[in-house]
Amino acid sequence: MRVLVTGADGFVGRHLTTALAQASHRVLGYDLPSDPVLLEKYCTEADFVFHLAGVNRDSEPEKIRRGNVEAMRSLVEKLEKAGNTCPILFASSVQASLEGRFDTAYGQSKLACEGMLREYAARTGATVFICRFPSLFGRGGRPHYNSVVATFCYRMTRDMPITVYDPFEKLALLYVEDLVSWMLHILETASEGRLPLDGDEAVGSMPAPHMLTVGELAHLLEGYRDGAGTPVIPAGSEGSFEQKLYSTYVSYLPVEKMHYPLTVSRDERGSFTEWLRSDSCGQISVNRTRPGAVKGEHWHRRKHEIFTVVAGKGLIRMRKQGDRDILEFFVTGESPEVIRIPPGYIHSMANIADTEDLITVIWASECYDPADPDTYFEEVDSHD
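Not measured: the values here are computed from a predicted model. (Residues numbered from 1 in each chain as written. Predicted model: local features only at pLDDT ≥ 70, side-chain atom pairs only at ≥ 80, totals over all residues. Heavy atoms only, no water.)

Concerning the overall build of the protein chain
Phase 1 of the analysis: Check the secondary structure of the protein chain and you find nine helices and 19 strands.
Phase 2 of the analysis: What you see for the protein chain is a C-alpha radius of gyration of 29 Å, clearly larger than the 21 Å of a compact globule of 384 residues, by over 25%.
Phase 3 of the analysis: Evaluated residue by residue, the protein chain yields a buried proportion of 44% over its 384 residues.
Phase 4 of the analysis: The long-range share in the protein chain, meaning contacts at least 24 apart out of those at least 6 apart in sequence, stands at 73%.
Phase 5 of the analysis: Put simply, the protein chain shows about 19,700 Å² of open surface, and 52% of that area lies on carbon and sulfur atoms. (Helix = DSSP H or I, 4+ residues; strand = E, 2+ residues; numbered from the N terminus. Rg over C-alpha atoms; globule rule 2.2 N^0.38 Å. Buried < 20%, exposed > 50% of the residue type's maximum accessible area, 1.4 Å probe, protein only. Contact = heavy atoms within 4.5 Å. Areas by Shrake-Rupley, 256 points an atom, 1.4 Å probe, with all protein chains shown as cover.)

So this is what it looks like as structure tokens:
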């Protein structure tokens, strides 16, 4: 489809145009620097319109009102002139409710645009989707503009202080990637000729925003602050708000924080380097064992581990605590495999190569705590 996106260079516009191109749609991108003649051309060609263009901030409230209203008027006039009644999805705002702190020039302008679009739909029969977006967050958001998440992430990743005026202020936050996925769904519905008779029906299926307070947001982000030598991955299941927020946070990292040294513990047997840790998902470490050296000879009461050799040749031996039978696993980086070390199994790992170091990636079900290491030394052969 030929898809007109006004505000193509804005926050949502950049995400949307990328997704549209990846889905093999022809993107007709228009923004303020574009030639107005181009908008007239695109209004003739478009099969669908995402109207995202708008003025969010200005020192003069009247410029906000006028800018948004004029952008909507220009769009519908050019579509009507072209006789093009293709569907339009309009990025309105929750501020259009004009409730409480939302009674702003921006909210007033969005409400006026909604009215203009409804009149256009009634006049022409075009299907319109009036979507009141909540606060959006994700990579590429502009700090110190209209996104508290962008502002907090930008400042925290640069070790700058943040200001929380009211920690109990409620926020409704929608991840921009979730929004774009939904917008593409609406577009695909339109391309298949399955548009609902009432645009409000589709708008009702918008992703639900994540609800929290400014104080809760600040607390979550504080937990993401990176410290050299402390590679901590926060908790959060796949698709969770925490996962989306952390992905947003790291997108604001300055170059100097995209790399930092790890702490390497060395002895005559080799080295041990903690790589990543998560309170909910455990710890990943890299273990280097020199030729002829043996490591381990211990067991854990709670901890479950997984070993995978990625280079070299080794022998992993284990015995269930209290039993006599010994299990042996010959492992090599040429044919990587998972070796599980359940709780209660005494285990050791030996490098059986003549010259090559044995490199093993180790996952442990809980992070190492020197105050509670859950490590009990006993040799695998101690039953003899």
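Quick look at the environment of S135
Phase 1 of the analysis: By secondary structure assignment, the location of S135 is in strand β6 (residues 135-137).
Phase 2 of the analysis: When the C-alpha atoms of S135 and L174 are compared, they prove to be 6.2 Å apart, with 39 residues separating the residues in sequence.
Phase 3 of the analysis: In contact with S135, not counting residues within four places along its chain, are A172, L173 and L174.

Some remarks on the pairing of strand β3 (residues 48-51)
Phase 1 of the analysis: A two-sided burial pattern is seen for β3, the buried positions comprising F48 and F50 on one face and V49 and H51 on the other.
Phase 2 of the analysis: As paired strands, β3 and strand β4 (residues 88-93) are joined by three bridges and run parallel to one another. Across the sheet, V49 pairs through a bridge with I88, a residue of β4. (Pairing = 2+ DSSP bridges.)

A word on the environment of H304
Phase 1 of the analysis: One can find H304 in the loop between β12 (294-299) and β13 (305-311).
Phase 2 of the analysis: Separated by 160 residues in the primary sequence, H304 and H144 have C-alpha atoms spaced 45 Å apart.
Phase 3 of the analysis: Not counting chain neighbours up to four residues away, the residues in contact with H304 comprise R340, I341, P342, P343, W363, A364 and S365.

A short note on the sheet that holds strand β18 (residues 358-364)
Phase 1 of the analysis: Spatially, six strands are ordered β9-β10-β11-β18-β13-β16 in an open sheet, and the strand pairing comes out antiparallel. Strands with a single pairing partner mark the edges of an open sheet, and in this sheet they are β9 (264-267) and β16 (339-341). On average, each strand axis in the sheet is inclined to that of its neighbour by 25°, with strand direction left out of account.
Phase 2 of the analysis: Across three bridges, β13 lies against β16 in antiparallel orientation. In the sheet register, F307 faces β16, and the bridge partner there is I339. (Axes fitted to C-alpha atoms, helices over the stretch in contact; angles between N-to-C directions.)

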